[in-house]
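Architecture and fold: a report
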Amino acid sequence: MNIGTSQGQPHRPQSASCWLIAAVLLGWLPLGILDAEGASGPRILELQLQRRDPKSGAVSITTERVASTNVAIVMIDFWNYHWCATWVGRAGVMIPRMNQALIEARKLGITVVHAPTDCSSGHAGTPQREAMAGLAPQPLPKPSDFNPPAPWGLGFGGGCMCGGPYTCAANYGWTRQDPRLLIAATDFVSSGPHELNNLCVARGIKHVIYCGGAANMCLLQKQEAMLAMIRHGYHGMVARDITEAHSEFTAPGSADRATEKSVEYIEKLIGPSIHLIDELRKAGSWEEQALVDAPILVPWGFKLRPKFFDTALAVSLSIPRLPGAEIRYTVDATEPTAESPLYAGTLRLNDTTTLRCAPFRNGRRIGLESEGYFVLMPPKPPQPDVFISDLRPHKMNMAIWSEWYAEASRPDPRPDRAYDGGPLRLRGVNYKKGMGLRAPSHLIYEVKPEFDRFVARAGVDEGLLKNDLGRERAMYPHVVFKVSIDGHVAAESPVMRISQEPWRFNVPIPPGSRMISLAAAHAGEFNPGELVQWVDAGFTLKPGATWIPPEKLHQAVGRTVKLKTDPAPVYATGGAAVLTDGRMDALQGRRGCLGFEGIGLDATIDLASSIPIERLAAHFLQDTAGGIYLPTEVDFAVADENGKNFRTLATVKQSVPTSEPGPLVHMFSTPAIQTRARFVRIRATNLGQIPVGHSAAGAKAWLFVDELLVNPNGSSAL
Ligand SMILES: [Zn+2]
């Protein structure tokens, strides 16, 4: 196990709105006073140290007198993010208590040290970090060989404390202490035992009180954590009222018990505990009216990081730091009052719910409010009959990409691949069909009369988790997916994050609909690397409707095409392969066509083996505003295995006048044939010059070819 990856703290305040919502969720507002003005001043503390007999567990209390100015409080890993939302919630409820305790401790002259261990670099350049790094070096006492057994029986970190149904997948991303934790001008931010020792020596400190997470892991084992500093000769102690264990969910209430057991373990084998608020109270430095505790919800999710469930979800509430408090709750998003329902055991949710709860005693509110957001997943949609990745979008737009300025370094939205080129993969499941894009992005498709419903799953690409540097960014992407039909939003996902169960769409398409739009929009501010996927996405067909998938459209789909004439580079995207890709969408933008300026097409298809030939066809565009004209004639020829001695089967003349402005498409097709061939040569003659009457008359005419077809399947699609 890796103690370096064990715990973190409430969700990142990446945006102002995110931060504000988190503050509201936890019922917490900043408490203000950060300097030591009005300080009650240093005094002698009488610390009540609680230990336990290693065998019997019997509690013993001793009192130790120490000047408050010779005491430090060290906050381990109050981080700004963790993959498990329930841990984020558990850690978050400690912050108001911690902030208030630090305000009082500073008044007493107690030294406050923030120890974010893995992410002390997140504080580089701050006065508190530089003050610590700049202290005069002191020799670090040689460590003792004190080596108590590891507390692994208390549950490994690295897991999910939610209890399902959709457990949190491990990723990284903590970068600093939680910004809700108020760091005063007089505080320090440490990095390692040498620095903490430098400070303690300078200030005559031997007593170090540890707060934070996780009681069974980092709080004990990190470089300047409790165990290390005890080895270096310090009086290390844990504040048992401001710590939490990081455990796995085993049953309702198991996390509360894991914290109790972790503190007991420390008291038996490592060092004593104190109750920090009781100590401040004894020192006359505690505001009894301060509301600092809020209920803990298991599992937990919030608006920007919802907890998903199918059918029903069990949610348990507790408030271990206010023993005996009643928890009252609402499920209609209203503020809980003394008259709200009393929590008396696990709640069962059957629908999307905003759950608000707060502690009460004797009809009086005695703590802060917590809020959870739980989202019922729609049922799983059926598989589509027609996949969007087999259709050419009417329009596509994507972050730093536009169909008008395609560049090799910025690939097009990818059919049937993740945008980074890997497989489509959401929450550990690979999908064959779908679209991989960046966010924000927009895919717009024409609705065909055969389409009945739009069905899809959508989620945030988890390719970032493939490497450690990416995992550090995995906390950032948060995206909302929207499906609109003819301009009206028909369905919308909640905020989606990496490793969430993909959201499910199953949207009926009203008769007469024209366009369907699939949007992936930021839920907050732009985060580079927000890649998204629509998977198993497409359309179901109306009963009795038929659809020919592109690969079945004709028998040359996927076959190699050789060009004797070169298309203009600006209209050569995709190369010759677009002529046999089974897609005929020349009207839906010009991508997927090849454009020839002033010259004709001379293309040869290799069918790989000799097959019966029944009909040949070619699909062209006319759009005279752009100088694009149908060919004057198309010559269809075939050859046998050797690819020589082509024999013309038909020459088809243009039948649409050049005065038809379009945009229109036209199929040049042979009559029915009965022959065999391996090679098919299709030559189309360019009109040559743009005709008289056009503003560009006399300039070279364009020829746009979309698809070359061998034995087209059925007539409806053509
Ligand atoms: Zn979790």
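Please read all numbers here as calculations on a predicted model, not as lab measurements.

Summing up its helical and strand segments, the chain has 10 helices and 40 strands in all. Radius of gyration (C-alpha) of the chain: 34 Å, far over the 27 Å computed for a compact globule of 718 residues. Projected onto its principal axes, the C-alpha coordinates of the chain cover approximately 105 × 60 × 50 Å. Looking at the 718 residues of the chain, the share that counts as buried comes to 46%. The long-range fraction of contacts in the chain, counting pairs at least 24 apart against all pairs at least 6 apart in sequence, stands at 79%.

A separate point is the domain arrangement of the chain. Buried accessible area, meaning the area lost when the parts come together, often serves as the stated size of an interface. As assigned here, the chain comprises domain 1 (67-282), domain 2 (296-376), domain 3 (386-547) and domain 4 (552-710). Computed over C-alpha atoms only, the centres of domain 1 and domain 4 are separated by 71 Å.

Looking now at the sheet that holds strand β11 (residues 313-318). If you trace the three strands from one edge of the open sheet to the other, you get β9-β11-β13, paired in antiparallel fashion. The sheet terminates laterally at β9 (296-298) and β13 (347-349), the two strands that pair on one side only. Going from strand to strand, the sheet's axes swing by 30° on average, the running direction of each strand aside. Strand direction decides the pairing type here: β11 and β13, joined by three bridges, are antiparallel. Residue L313 lies in a different strand from β13, and its bridge partner there is L349.

So, on to the environment of G459. Tracing the sequence through the fold places G459 in strand β25 (residues 451-460). For the pair G459 and E707, spaced 248 residues apart in sequence, the C-alpha separation works out to 33 Å.

Here the focus is the sheet that holds strand β35 (residues 616-622). Overall, antiparallel pairing links the four strands, which are arranged β33-β40-β35-β38 in an open sheet. Every other strand in the sheet has two partners, leaving β33 (594-597) and β38 (664-669) as the edge strands with one partner each. Each strand axis lies, on average, 30° off the axis of its neighbour in the sheet, ignoring direction. Of the strand pairs in this sheet, β35 and β38 are connected by six bridges, and their pairing is antiparallel.

Looking now at helix α2 (residues 85-92). Most of α2 sits inside the fold, with eight of its eight residues counted as buried. Those residues of α2 that fall on the buried side of the exposure criterion are A85, T86, W87, V88, G89, R90, A91 and G92. Those residues of α2 that are buried are in contact with α3 (94-107), β6 (207-213), β7 (235-244), α8 (254-269), β9 and β10 (307-309).

Glancing now at the nonpolar core. The tendency in soluble globular proteins is for nonpolar side chains to be buried as a group. One finds I73, I209, Y210, L219 and M226 to be the most contacted residues of the largest nonpolar core, which totals 144 residues. Once you skip the residues sitting within four places of it in the chain, I73 turns out to touch L102, A105, I110, V112, V113, I209 and C211. Residues I605, F668, V705 and V710 belong to the second largest nonpolar core, which totals 39 residues.

This part takes up the pairing of strand β24 (residues 441-446). Side chains S441, L443 and Y445 of β24 all project onto a buried face; the interleaved residues H442, I444 and E446 project onto a face where none is buried. Sheet topology note: the strand β18 (residues 395-398)/β24 ladder contains four bridges and is antiparallel. Directly across from M398, in β24, lies its bridge partner S441. Here β24 runs beside strand β30 (residues 515-522); their pairing, made up of six bridges, is antiparallel. Residue pairing in the sheet places S441 in a bridge with A520 of β30.

Now for the confidence of the model for the chain. Across the chain, the average pLDDT comes to 89, with 92% of residues at or above 70. Every residue in residues 1-38 scores below 50 in pLDDT, and together they form 101 contacts with partners more than four places removed in sequence or on other chains.

Let us now look at the environment of Y373. Looking at the secondary structure, you find Y373 in strand β16 (residues 370-376). Take Y373: there are 21 C-beta atoms within 10 Å of it, and that puts it in the buried class. Separated by 317 residues in the primary sequence, Y373 and S56 have C-alpha atoms spaced 43 Å apart. Apart from residues lying up to four places away in sequence, Y373 is in contact with G301, F302, K303, P306 and T354.

This paragraph deals with the pairing of β30. With seven bridges connecting them, strand β26 (residues 478-485) and β30 associate as antiparallel partners. Note that in β30 the partner of S484 across the bridge is S517.

A cis geometry characterises the amide bond from A439 onward to P440, with omega recorded as -5°. Positionally, P440 belongs in the loop between β23 (434-438) and β24. In this model, G662 is joined to P663 through a cis peptide bond whose omega is 5°. The phi dihedral of N711 falls on the positive side, at around 50°, and the residue is not glycine. Structurally, N711 can be placed in the segment after β40 (702-710).

Assignment of secondary structure puts L219 in helix α6 (residues 218-221). Accessibility expressed as a C-beta count within 10 Å gives 33 for L219, which makes it buried. Sequence separation between L219 and L322 is 103 residues; the distance between their C-alpha atoms is 23 Å. Those residues in contact with L219, other than ones at most four positions away along the chain, are I76, Y210, G212, G213, A214, A225, M226, V238 and T243.

The subject of this paragraph is α3. Compared with the 20 Å implied by 1.5 Å per residue over 14 residues, the 20 Å span of α3 between its first and last C-alpha is a close match. Of all 14 residues that make up α3, 12 are buried, and the element is covered over most of its length. Residues M94, I95, P96, R97, M98, A101, L102, I103, E104, A105, R106 and K107 constitute the buried set of α3. Of the surrounding secondary structure, the elements contacted by the buried residues of α3 are β3 (71-76), α2, β4 (111-115), β6, β7 and α9 (276-282). Of the residues one or two after α3, G109 is the one with positive phi, at around 85°.

Calculation rules
- Residues numbered from 1 in each chain as written.
- Predicted model: local features only at pLDDT ≥ 70, side-chain atom pairs only at ≥ 80, totals over all residues.
- Helix = DSSP H or I, 4+ residues; strand = E, 2+ residues; numbered from the N terminus.
- Rg over C-alpha atoms; globule rule 2.2 N^0.38 Å.
- Buried ≥ 20, exposed ≤ 12 C-beta atoms within 10 Å, placed from the backbone.
- Contact = placed C-beta atoms within 7 Å.
- Domains from an automatic or database assignment.
- Pairing = 2+ DSSP bridges.
- Axes fitted to C-alpha atoms, helices over the stretch in contact; angles between N-to-C directions.
- Core = buried A, V, L, I, M, F, W, Y, C linked by C-beta atoms within 7 Å.
- pLDDT = per-residue confidence, 0-100.
- Expected span 1.5 Å × (residues − 1).

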